[in-house]
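Secondary and tertiary structure notes
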Amino acid sequence: MSVYTSVGEAELAAWLTRYSIGQLKSLKGIAAGITNTNYFVDTTHGRYVLTLFEVLALDELPYYLELMSHLARHGVACPAPIADSTDSYASLLAGKPACVVTCLTGSEVGAPSAAQCQAVGEMLAAMHEAGNTFPKRMDNPRGPGWWSATAAGLYGEMDAADAASLHEEVAFQERYRFAHLPTGVVHADLFRDNVLLDGERVAGFIDFYYACNDVLLYDVAIALNDWARGEDGLIDDDKARALLAGYQSVRPLTGDERAAWPSMLRAAGLRFWVSRLLDLYRPQEGEMTYTKDPKVFQKVVEAHRARSDFWL
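Residues numbered from 1 in each chain as written. Predicted model: local features only at pLDDT ≥ 70, side-chain atom pairs only at ≥ 80, totals over all residues. Heavy atoms only, no water.

Some details on the overall build of the protein
For the protein, the count of helices and strands is 9 helices and 9 strands. For 312 residues, the compact-globule estimate of 2.2 N^0.38 gives 20 Å, and the protein sits close to it at 20 Å. Seen along its three principal axes, the alpha-carbon backbone of the protein occupies a region of about 60 × 45 × 35 Å. Counting the 312 residues in the protein, one finds 53% classified as buried. Within the protein, counting contacts between residues at least 6 apart in sequence, those at least 24 apart form 73% of the total. (Helix = DSSP H or I, 4+ residues; strand = E, 2+ residues; numbered from the N terminus. Rg over C-alpha atoms; globule rule 2.2 N^0.38 Å. Buried < 20%, exposed > 50% of the residue type's maximum accessible area, 1.4 Å probe, protein only. Contact = heavy atoms within 4.5 Å.)

Structural notes on the domain arrangement of the protein
Interfaces are often sized by the accessible area lost when the parts come together. We note that the domain assignment places domain 1 (9–102) and domain 2 (114–306) within the protein. Distance between the C-alpha centres of domain 1 and domain 2: 27 Å. The partner domain 2 presents 25 residues to the 21 residues of domain 1 that form the contact. Here domain 1 packs against domain 2, burying approximately 2000 Å² in sum over the two surfaces, 74% of which is carbon and sulfur. It is Ile34, Tyr63 and Ala77 that lose the most area in domain 1 upon contact with domain 2, and together they represent 32% of the buried surface on that side. In this assembly, domain 1 and domain 2 are joined by 1 salt bridge. (Domains from an automatic or database assignment. Buried area = accessible area lost by both parts, 1.4 Å probe. Salt bridge = Lys/Arg side-chain N within 4 Å of Asp/Glu carboxyl O.)

Topic: the packing of aromatic side chains
Under the definition given, this model contains 11 aromatic pairs. Taking 4.8 Å as the distance between ring centres and 45° as the angle between the ring planes, the aromatic pair formed by Phe172 and Tyr176 counts as tilted. Accessibility expressed as a relative area gives 34% for Tyr176, which makes it partly exposed. Cluster of aromatic residues (ring-pair linked, three or more members): Phe53, Tyr63, Tyr64, Phe134 and Tyr209. Sitting over the ring of Phe40, Arg47 keeps its end group 4.4 Å from the ring centre. (Phe/Tyr/Trp six-rings, centres within 6.5 Å; stacked < 30°, edge-to-face > 60°. Lys NZ or Arg CZ within 6 Å of the ring centre and 35° of its normal.)

Some words on empty space enclosed by the protein
One pass over the full model with this rule turns up 1 cavity of 30 Å³ or more. By volume, the largest cavity amounts to about 40 Å³. Taken together, Asn140, Arg142, Ala188, Tyr210, Tyr218 and Arg271 make up the full set of residues lining the largest cavity. Across the lining of the largest cavity, the residue classes break down as 3 nonpolar, 1 polar and 2 charged. (1 Å grid on protein atoms, 1.4 Å probe; cavity = no way out; pocket = protein on both sides within 12 Å on 5 of 7 lines; lining within 4 Å. Points joined across faces, edges and corners; volume = space filled by probe spheres on them. Nonpolar A, V, L, I, M, F, W, Y, C, P; charged D, E, K, R; others polar.)

Describing helix α2 (residues 62–73)
The end-to-end C-alpha distance of α2 is 16 Å, a good match for the 16 Å that 12 residues give at a rise of 1.5 Å each. Inspection of α2 places Tyr63, Tyr64, Leu65, Leu67, Met68, Ser69, His70 and Leu71 among the buried residues, and these make up the whole buried set. Taken together, the buried residues of α2 touch β5 (96–102), α3 (114–130), β6 (183–186) and β9 (212–215). The first or second residue beyond α2 is Gly75, which carries a positive phi of 90°. (Expected span 1.5 Å × (residues − 1).)

Considerations on a negative patch on the surface
Residues Glu231, Asp232, Asp236 and Asp238 make up a contiguous surface patch of negative charge. By the element assignment, Glu231 lies in the loop between α6 (216–227) and α7 (237–248). (Patch = residues over 30% accessible without salt bridge, like charges linked within 9 Å, V, L, I, M, F, W, Y side chains within 5 Å. Areas by Shrake-Rupley, 256 points an atom, 1.4 Å probe, with all protein chains shown as cover. Lys, Arg positive; Asp, Glu negative; His and termini not counted. Charge placed at Lys NZ, Arg CZ, Asp CG, Glu CD.)

Some remarks on the pattern of salt bridges
For the structure on display, the rule yields 16 salt bridges. Among the ionic contacts, a cluster of salt bridges with common partners joins Glu168, Glu169, Arg266 and Arg305.

Structural notes on the environment of His187
Assignment of secondary structure puts His187 in the loop between β6 and β7 (195–198). For the pair His187 and Ala211, spaced 24 residues apart in sequence, the C-alpha to C-alpha distance is 4.4 Å. Non-local contacts of His187, meaning those with residues more than four positions away in its chain, are made with Met127, Asn194, Ile206, Asp207, Phe208, Tyr210, Ala211 and Asp219.

Spelled out as structure tokens, the structure:
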């Protein structure tokens, strides 16, 4: 169970007095989650989700929580943070920054259908459109500078052939610049485990704590590389086309974005290839890391290199 910080009922009940969400009935740890501690909290008013932040500091949270509130107000399916009596979204609980958000329906889907991929693409575009009026800004801490510098420190740990492939991709990406493409708020981690689905309907995007401002096309590529990826690690054409059709039904891609799409797919794959290598070779003591096989995204990048059709 991914509960890293324990909270007792009496402690939580006292903390909840600052909120107008009823009296505590029960709390239950949520097994899902990599970075933070999450609980279902049932009160006399309904069910909520309590998050305790294991890495982010209290003064780092306003961007993420205010973004979620903004998106929810604009019709994007995502948890809405609850403000306390001081109009704050977060405060300390059990020594950790904590917040309460609305609890969404739906569940994760391990093997999405093309229709579900289309719904995800449509909601992602709606999120990008709603983000246009969000006033705060957060630069991407894991952009091209990060992956180039991080990869340079990992080559010596890797198999020679894998290191050569990674070096080839870093060198390829260093020849590309995407500053001319449309930018805005991106989720930056819209994997299957960060979306709740109710049948073919998106019930909610969750885990916005990698959100930032970056190239919108990068967000689309991150989503497609996971949502359309089959068990063999290759991209399923029908799911890829469905996700892109859903996205473009709300926000059509520009000519510049379409031209950049093949290299952006590789860039999105590279970002997670490098981060998973980092977790594998440089695990940080006291931090929760996502240690799935880095070869998953190595295979994605190498498959994109060999393609000529990119579903547009």
